[in-house]
Amino acid sequence: MLGYSIFKVKFEGIILIKDLFFQVFEFLPNGLTFTLWTATKIMAICLPVMISVAYITFAERKIIGFIQARVGPNRVGPQGWLQPIADALKLLTKEVVIPNGANKLLFLSAPVLALAPSLAAWAAIPFDYELVLADINAGLLYVLALTSLGVYGIIIAGWASNSKYAFLGAMRSAAQIVSYEIAMGFALVGVLIAAGSLSLGEIVIRQNSDLGFFGWYWAPLFPLFIIYFISGVAETNRAPFDVSEGESEIVAGFHVEYAGMAFALFFLAEYANMILISTLTAVLFMGGWLSPVSWFPDGIHWLLLKISFFLYLFLWFRATFPRYRYDQIMRLGWKVFLPITILWIVVISAAVVYEIPPWFHK
């Protein structure tokens, strides 16, 4: 009853805000008012994401500094809290240098292609009951398709730079992303079979059961849960899978020729993808906005806590694990993750067909 009451208040609040918005702009044509309402919702998602990207860099330097017994940034603002703003201003004032012989159009388009999919995917992410920009039935397919587009920005950046180092880094990064994208895709198939729906909101609702925390999909899909998150770390080129940016080998990889805001967009894309992978892991396997205990109400605060936990794991991995060799990364993706995901899809299919309790019985 408490959960229903809170859901009703939240839903009525959203309707009230929408009605108020349309009343304020009632002098405009209906089509233009609806466009402004959609743009407002988009900005309400993108601005917090971009601010979070800036301050994840600060959190990373602080957390890794603590792990390695260092201080971290502490000069700009109280305890260094204005450091991300200073970094942004520095990058904005740097000159964007385009190498001789580079394809100018593709060179400048590549950072946008790397960042845009990680922002567009948020359209289908449910933050709470009815709190989603576009509640489409094929939300899982939409997100999978968009997250697969980021590799094109990397390939184009390496090729358009007219540099052998950049091209080599792009090929290594693209091969790594494609390899782990397959494992991630099969992990999502397991979620689809378990939930019986492609809607991200419906997937979260299907995890709501009397089992609470143990009723979420991380338990029956545990191997797929682990593989999905590790593959997400590899797909974002984060340590220990950062061979495409191995400074001692290929001098920063596919974006070696970029500077200023062009480089900053690749930087933003990496951290935006970290947030997106953490969010998808929380939504698909950890119950999204659901509370782990029945006596505490559901809400977006639970989703934010789960996202923060997975983001901390990204930072912890970077401070802890050494970089893998390229052959080790390829072997893990093709010879370990892929067979396990295929095997577990068969197991979950059998559990769903035969309604094996406690997760799949009616």
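Residues numbered from 1 in each chain as written. Predicted model: local features only at pLDDT ≥ 70, side-chain atom pairs only at ≥ 80, totals over all residues. Heavy atoms only, no water.

**Student:** Just to check I follow, could you spell out the overall build of the protein for this structure?
**Tutor:** Looking only at helices and strands, the protein features 13 helices and zero strands. For the protein, the α and β elements follow one another from N to C terminus as α-α-α-α-α-α-α-α-α-α-α-α-α. Relative to its 362 residues, the protein shows a buried fraction of 44%. The long-range share in the protein, meaning contacts at least 24 apart out of those at least 6 apart in sequence, stands at 74%. (Helix = DSSP H or I, 4+ residues; strand = E, 2+ residues; numbered from the N terminus. Buried < 20%, exposed > 50% of the residue type's maximum accessible area, 1.4 Å probe, protein only. Contact = heavy atoms within 4.5 Å.)

**Student:** How should a nonpolar patch on the surface be read in this particular structure?
**Tutor:** A grouping of F66, I67, Y312 and W316 is seen on the molecular surface, where their side chains present a nonpolar patch of about 440 Å² in accessible area. Those elements giving two or more residues to the nonpolar patch turn out to be α2 (30-67) and α12 (300-320). Tracing the backbone through its elements, the reader meets W316 in helix α12. Note on W316: relative accessible area 37%, which makes it partly exposed. (Patch = residues over 30% accessible without salt bridge, like charges linked within 9 Å, V, L, I, M, F, W, Y side chains within 5 Å. Areas by Shrake-Rupley, 256 points an atom, 1.4 Å probe, with all protein chains shown as cover. Salt bridge = Lys/Arg side-chain N within 4 Å of Asp/Glu carboxyl O.)

**Student:** Looking at this structure, I do not really get the packing of aromatic side chains. What am I missing?
**Tutor:** Pairs of aromatic rings are described using the distance from one ring centre to the other and the angle between the two planes. Under the defined criterion, the tally for this structure stands at 30 aromatic pairs. A ring pair is formed by W122 and F127, whose centres lie 6.0 Å apart and whose planes are at 5°; its orientation type is stacked. F127 shares its class with W122; the two are buried. Seen in terms of ring centroids, Y180 and F241 are 5.6 Å apart; in terms of plane orientation they differ by 65°. Their pairing is edge-to-face. On the criterion of sequence distance, the pair formed by Y180 in helix α7 (residues 164-195) and F241 in the loop between α9 (222-235) and α10 (247-250) is long-range, its members being 61 residues apart. Over the aromatic face of W216 sits the side chain of K306, whose NZ or CZ is 3.9 Å from the ring centroid. (Phe/Tyr/Trp six-rings, centres within 6.5 Å; stacked < 30°, edge-to-face > 60°. Lys NZ or Arg CZ within 6 Å of the ring centre and 35° of its normal.)

**Student:** How do you make sense of the nonpolar core when you look at a structure like this?
**Tutor:** The tendency in soluble globular proteins is for nonpolar side chains to be buried side by side. Counting residues in hydrophobic clusters, the biggest one holds 82 residues, and the most contacted among them are L200, Y228, L284 and F285. Looking at this core element by element, the count peaks at 15 residues for helix α11 (residues 260-285). (Core = buried A, V, L, I, M, F, W, Y, C linked by side-chain atoms within 4.5 Å.)

**Student:** Help me out: how do you make sense of the environment of A120 in this one?
**Tutor:** Structurally, A120 is set in helix α4 (residues 104-120). Note on A120: relative accessible area 30%, which makes it partly exposed. Linking A120 and C46, residues 74 residues apart in sequence, is a C-alpha distance of 9.1 Å. With residues up to four places along the chain from it excluded, the contact list for A120 reads Y142 and L146.

**Student:** Mind showing me how you'd approach unusual backbone geometry here?
**Tutor:** Glycine aside, residues mostly have negative phi, and peptide bonds are mostly found in the trans state. Geometrically, the link from A239 to P240 is a cis peptide bond, its omega value of 10° lying close to zero. Look at the link from P357 to P358: it is a cis peptide, with omega at 5°. Although it is not a glycine, N237 sits at a positive phi angle of roughly 60°. When you line up the elements, N237 lands in the loop between α9 and α10. Residues other than glycine seldom take positive phi values, yet E355 does so here, at roughly 50°. For E355, the position within the fold is in the segment after α13 (326-353). Assessed through its relative accessible area of 32%, E355 is described here as partly exposed.

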